[in-house]
Amino acid sequence: MFSRRVPSELSPNRIASARAAAAPRFDLTVSNPTACGIAYPPGLLAPLAEPAGLEYRPHPRGLPVAREAVARDYLRHGVTVDPGRIVLTASTSEAYTFLFKLLADPGEAVLVPTPSYPLFEHLARIEGVRAIPYYLGRDADWRLDPEALARAPGDVRAVVLVHPNNPTGSFVHPDDREALCVLAADRGWALIADEVFLDYPLDGGPGADCSFAINQTVLTFTMGGLSKSVGLPQLKLAWIVATGPGERVLAALDRLEFVADTFLSVATPVQLALPTLLREGAAVREAILARCRANLATLRRAAANLPAVSVLSPGGGWSVVLRVPAIVGEEDMVLELLHEDSVAVHPGYFFDFPGEGTLVLSLLPDPDTFAEGVRRVLLRIATNLARS
Ligand SMILES: Cc1ncc(COP(=O)(O)O)c(C=O)c1O
């Protein structure tokens, strides 16, 4: 009766069940910035009540005033963007689905990075598209392997890049970007660059703060959104910037407009408020960045006392990866932390890290929660080590 776009097995896994049974006191997996004690300017949402929002005059690509505000925001990254080449969506997730509709017929494929954001598999499947993983190697600083990419099947239509990647925090290296552009031009692939975390540099690295929206040699769709750039996921507004060879971009935009027009999914009040939200939201962005940096420093100080644990350097983003001794399996370790210590962390396999011994922590929690959660994680690891 139901399509295979939706998984037939939807029951919660062991970790989700354990969390549902007893909410952890120290949740080091939070990804919702509105639930971590970040200070938001009290009047930030006032422009949503603009009387102009009472009138409904939709534009399939998004209201010009909103697209112009997005274009202005790219100047922070030193990129000049044509508002005519921007399409608004309700979220980055929706932007992915629009782009998969635009680029791939049912059954065709897109290449997605691994380890990375676990939603790609579902987003592709819901569109009837195959997500084929390409691997970022830890021993190679999470660099792309253009030679492996070149071996991709003939029905690949696009390559997804997450810049910086979630959760490794790695940026696409400029040399890899160049190699990929040559390959994509040769194979007729489009690039889909997810830059939702570009505003959050931590350790930085080659490629940091270099947006894919400068790409002109190959059809490129660069994405960002309010959920990360100003910490307002509940407002549901994201964007796609299309760049590349002129004729091809215009053809893509006409078709993308057709897709967007069938939904008209972005609400008018948030579009009208966008210029103010992007301006005033800078305070939220700065608070989130300061939080992530402070928590990373806390983690590094604490982990320095336990040489068996290494904190992998995050170039940017809201997460950090820990390599821990694989004395017990990741899932058992995460369950033990939940049951014994009331701490929630992600197991590496959630993001498709190969092998065992990887934990992923969010850098968003309030500093006391984070420090105590980290203390408990490290103590648990030290205890297991002493027992082994
Ligand atoms: C890499 C990446 N892209 C996109 C998203 C989702 O963004 P949005 O809320 O705009 O759909 C997330 C959410 O965590 C993410 O990690």
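Keep in mind that what you see is a predicted model, and the values were worked out from it rather than measured.

Cut-off values and rules
Every chain begins its residue count from 1, and numbering advances along the sequence as written. Reporting in this predicted model follows two pLDDT cut-offs: at least 70 for local features of residues, and 80 or more for side-chain atom pairs to be given and counted; totals over whole chains, interfaces and linings ignore these cut-offs and use all residues. Water and hydrogen atoms play no part in the side-chain values, which are based on all heavy atoms of the structure. Think of it in three bands: residues with accessible area under 20% of the maximum for their type are buried, residues over 50% are exposed, and the middle band is partly exposed, with areas taken using a 1.4 Å probe on protein chains only. Helix and strand definitions here come from DSSP, where helices need a minimum of 4 consecutive H or I residues and strands a minimum of 2 consecutive E residues; each element is numbered from the N-terminal end. Throughout, a contact is declared for two residues whenever any of their heavy atoms are within 4.5 Å. Note on terminology: near, applied to a residue and a molecule or strand, indicates that one of the residue's heavy atoms is within 4 Å of it. N or O atoms within 3.5 Å of each other form a polar contact, as long as, within protein, one can give a hydrogen and the other can take it, and as long as residues adjacent in sequence are counted only when both atoms are side-chain atoms. Under the convention used here, a 1.4 Å probe and the Shrake-Rupley method define accessible areas, while residue burial counts only the protein chains that appear. Each residue is assigned to one class: nonpolar for Ala, Val, Leu, Ile, Met, Phe, Trp, Tyr, Cys and Pro, charged for Asp, Glu, Lys and Arg, and polar for all the others, Gly among them. Here the rule is simple: two strands pair whenever DSSP picks up at least two bridges between them. Here the bounds of each domain stem from an automatic or database domain assignment. Buried area: the sum, over both parts, of the accessible surface (1.4 Å probe) that disappears when the two are put together. Throughout this description, the term salt bridge denotes a Lys or Arg side-chain nitrogen within 4 Å of a carboxyl oxygen of Asp or Glu. To pair, rings of Phe, Tyr and Trp, with the six-membered ring standing in for Trp, must have centres within 6.5 Å; the planes then decide the type, stacked if under 30 degrees apart, edge-to-face if over 60, and tilted in the middle. Fitting a line to C-alpha atoms yields each axis, with helices limited to the stretch in contact; the angle taken between N-to-C directions then spans 0 to 180 degrees.

1. Describing helix α2 (residues 64-74)
In step 1: Every buried residue of α2 is accounted for by A66, R67, A69, V70, A71, D73 and Y74.
In step 2: On its buried face, α2 is in contact with β2 (86-89), β7 (220-225), β8 (238-243) and α9 (268-280).

2. Section: the site of the ligand
In step 1: Lining the immediate surroundings of the ligand are S91, T92, S93, Y117, V162, N166, D194, V196, F197, S227 and K228.
In step 2: A distance of 2.8 Å is found between an oxygen atom of the ligand and a side-chain nitrogen or oxygen belonging to N166.
In step 3: One nitrogen or oxygen atom from the side chain of K228 is found 3.2 Å from an oxygen atom belonging to the ligand.
In step 4: For the ligand, the accessible surface in isolation is 400 Å², of which the surrounding protein chains cover 88%.
In step 5: Among the residues forming the shell around the ligand, the class breakdown is 4 nonpolar, 5 polar and 2 charged.

3. What to know about the side chain of S170
In step 1: Mapped onto the secondary structure, S170 falls in the loop between β5 (156-162) and α6 (174-187).
In step 2: Reaching out from S170, the side chain makes a polar contact with the side chain of T168 at a distance of 2.7 Å.
In step 3: Setting aside residues no more than four positions away along its own chain, S170 makes contact with W142, V162, P164 and N165.

4. Here we look at the environment of L28
In step 1: Note on placement: L28 falls in the loop between β1 (26-27) and α2.
In step 2: A sequence separation of 242 residues divides L28 from V270, and the C-alpha atoms of the two residues are 30 Å apart.

5. Comments concerning the pairing of β8
In step 1: With 6 of its 6 residues buried, β8 lies for the most part within the structure.
In step 2: The alternating pattern of β8 places A238, I240 and A242 and W239, V241 and T243 on opposite faces, both of which are buried.
In step 3: Sheet topology places β2 next to β8; 4 bridges connect them, and they run antiparallel. Bridging across to β8, T89 finds its partner in A238.

6. Structural notes on the domain arrangement of the chain
In step 1: Along its sequence, the chain is organised into domain 1 (14-30 + 283-387) and domain 2 (46-280).
In step 2: The C-alpha centroid of domain 2 is placed 29 Å from the C-alpha centroid of domain 1.
In step 3: Every contact between the two is made by 25 residues of domain 1 and, on the other side, 27 residues of domain 2.
In step 4: Summing the contributions of domain 1 and of domain 2, the shared interface buries around 2200 Å²; its carbon and sulfur component is 61%.
In step 5: Three residues, R285, W318 and F351, lead the burial of domain 1 against domain 2; their summed loss comes to 30% of the area buried on that side.
In step 6: Here domain 1 is connected to domain 2 by 1 salt bridge.
In step 7: D203 is the salt-bridge partner of R300, the closest N and O atoms lying 2.6 Å from each other.
In step 8: Put simply, the parts of the chain that give the side of domain 1 that touches domain 2 at least two residues each are α10 (282-303) and β10 (319-323).
In step 9: Of all the elements, α10 adds the most residues to the side of domain 1 that touches domain 2, at 9 residues.

7. Quick look at the sheet that holds strand β12 (residues 346-347)
In step 1: As summarised here, the arrangement of the 4 strands in space is β9-β10-β13-β12, forming an open sheet in which the pairing is antiparallel. Across the chains shown, the open sheet's two edge strands, defined by having one partner strand only, are β9 (310-311) and β12.
In step 2: Bridge analysis of β10 against strand β13 (residues 358-362) gives 5 bridges, and the strand direction is antiparallel. Each residue of the ladder has a partner; that of V321, found in β13, is V360.

8. Topic: the packing of aromatic side chains
Two measures describe an aromatic ring pair: the distance that separates the ring centres and the angle between the ring planes.
In step 1: According to the stated counting rule, one finds 8 aromatic pairs in the structure shown.
In step 2: A centroid spacing of 6.0 Å and a plane angle of 45° characterise the contact between Y96 and F100, whose relative ring orientation is tilted. Of this pair, Y96 and F100 both sit in helix α3 (residues 92-103), 4 residues apart, which is roughly one turn of that helix. You'll find Y96 and F100 in the same group, each marked buried.
In step 3: A ring pair is formed by Y200 and W318, whose centres lie 5.4 Å apart and whose planes are at 80°; its orientation type is edge-to-face.

9. Points about unusual backbone geometry
In step 1: Here the bond from T114 into P115 is cis, since omega is 0°, no more than 30 degrees from zero.
In step 2: Following the sequence through the fold, P115 ends up in the loop between β3 (109-114) and α4 (120-126).
In step 3: The backbone of L264 sits at a positive phi, close to 45°, despite the residue not being glycine.
In step 4: Mapped onto the secondary structure, L264 falls in the loop between α8 (246-261) and α9.

10. Remarks on the sheet that holds β3
In step 1: The strand order β2-β8-β7-β6-β5-β3-β4 describes an open sheet built from 7 strands, whose pairing is mixed. The open sheet has two free edges, formed respectively by β2 and β4 (130-135), since each of these has just one partner strand. Each strand axis lies, on average, 25° off the axis of its neighbour in the sheet, ignoring direction.

11. A short note on the pairing of β13
In step 1: Most of β13 is tucked away, with 5 of its 5 residues classed as buried.
In step 2: Of the two faces of β13, both are covered, the one formed by T358, V360 and S362 as well as the one formed by L359 and L361.
In step 3: For β12 and β13, the ladder comprises 2 bridges, and the chain directions are antiparallel. In the strand pairing of β13, H346 is matched with V360.

12. Brief notes about the side chain of N295
In step 1: Structurally, N295 can be placed in helix α10.
In step 2: When its relative accessible area of 0% is taken as the criterion, N295 is described as buried.

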